[in-house]
Amino acid sequence: QVQLVESGGGLVQAGGSLRLSCAASGRTVSRYSLGWFRQAPGKEREFVAAINWSGGSTYGADSAKGRFTISRDNAKNTVYLEMNILKPEDTGVYYCAATSLFLATMRGQYNYWGQGTQVTVSS
């Protein structure tokens, strides 16, 4: 079992920045790839970014490239999502998730999920 708890969401103006954190706990959590997804009201949950167990490989959705950075600190069992130049369309609930697969991008490939943290970007 892996438990995930997100934090760092909030209200920010367009062009601003936020850093989300996801604290992971459980057996061998450092061996899992971790990902961030987001879900806007009335829309499907979509992939944002993923990082492999060592932190040496990352992959991001087109919407995130150039603005968002995913990283992890295995000593702290924490994964981060640094979000810059935020846009109103980035608004949604952001979820952290864990998978045994390498840099998975599909929701169904993730086995464990956090409860989410709300990000609201005002125009």
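Please refer to the structure higher up on the page.
Residues numbered from 1 in each chain as written. Predicted model: local features only at pLDDT ≥ 70, side-chain atom pairs only at ≥ 80, totals over all residues. Heavy atoms only, no water.

K.L.:
Now, about unusual backbone geometry: what can you tell me, with residues and values included?
P.N.:
Unusually for a residue other than glycine, asparagine 77 sits at a positive phi of about 50°. A relative accessible area of 28% places asparagine 77 in the partly exposed class. Within the chain, isoleucine 85 stands out as a residue other than glycine whose phi angle is a positive 50°. Positionally, isoleucine 85 belongs in the loop between strand S8 (78-83) and strand S9 (92-99). (Buried < 20%, exposed > 50% of the residue type's maximum accessible area, 1.4 Å probe, protein only. Helix = DSSP H or I, 4+ residues; strand = E, 2+ residues; numbered from the N terminus.)

K.L.:
Which residues make up the state of the cysteines, and what values go with them?
P.N.:
Following the criterion strictly, the structure yields one disulfide and no others. The partner cysteine of cysteine 22 in its disulfide is cysteine 96, sulfur to sulfur 2.2 Å. The disulfide joining cysteine 22 to cysteine 96 has a torsion of about -80° about its S-S bond and is therefore left-handed. A residue pair is termed long-range when its members are at least 10 positions apart, and cysteine 22 in strand S3 (residues 18-26) and cysteine 96 in strand S9 qualify at 74 residues. You can call cysteine 22 buried: its relative accessible area is 1%. (Disulfide = S-S within 2.5 Å.)

K.L.:
Residue-level account of the environment of glycine 92, with values.
P.N.:
Relative to the assigned elements, glycine 92 resides in strand S9. Among the residues examined, glycine 92 registers a relative accessible area of 1% and is labelled buried. Along the sequence, glycine 92 and arginine 19 sit 73 residues apart, while their C-alpha atoms lie 14 Å from each other.

K.L.:
How would you sum up the sheet that holds strand S1 (residues 2-7)? Please name residues and give values.
P.N.:
Within the open sheet, the four strands sit side by side as S1-S3-S8-S7. Their pairing is antiparallel. Both outer strands of the open sheet, S1 and strand S7 (68-73), are each paired with one neighbouring strand and no more. Geometrically, the sheet is characterised by an average inter-axis angle of 15° between neighbouring strands, direction not taken into account. Relative to S8, S3 runs antiparallel, the two sharing six bridges. Its bridge partner being in S8, leucine 18 is matched across the sheet by methionine 83. (Pairing = 2+ DSSP bridges. Axes fitted to C-alpha atoms, helices over the stretch in contact; angles between N-to-C directions.)

K.L.:
Tell me about the packing of aromatic side chains, and please be specific about residues and values.
P.N.:
A full pass over the atoms with the stated rule returns seven aromatic pairs. Ring centres of phenylalanine 37 and tyrosine 110 lie 5.1 Å apart, and the angle between their planes is 80°; this geometry places the pair in the edge-to-face category. Here phenylalanine 37 is found in strand S4 (residues 33-39), whereas its partner tyrosine 110 is found in the loop between S9 and strand S10 (112-113), with 73 residues between them in sequence. Neither phenylalanine 37 nor tyrosine 110 differs from the other in exposure class; each is buried. Members of the aromatic cluster, joined through ring pairs, are Phe37, Phe47, Tyr59, Tyr95, Tyr110 and Trp113. (Phe/Tyr/Trp six-rings, centres within 6.5 Å; stacked < 30°, edge-to-face > 60°.)

K.L.:
Give a detailed account of the environment of cysteine 22, specifying residues and quantitative values.
P.N.:
Through-space distance from the C-alpha of cysteine 22 to that of leucine 81 is 8.6 Å; in sequence the pair is 59 residues apart. Contacts of cysteine 22, omitting those with residues within four sequence positions, involve Leu4, Val5, Glu6, Trp36, Asn77, Thr78, Val79 and Cys96. (Contact = heavy atoms within 4.5 Å.)

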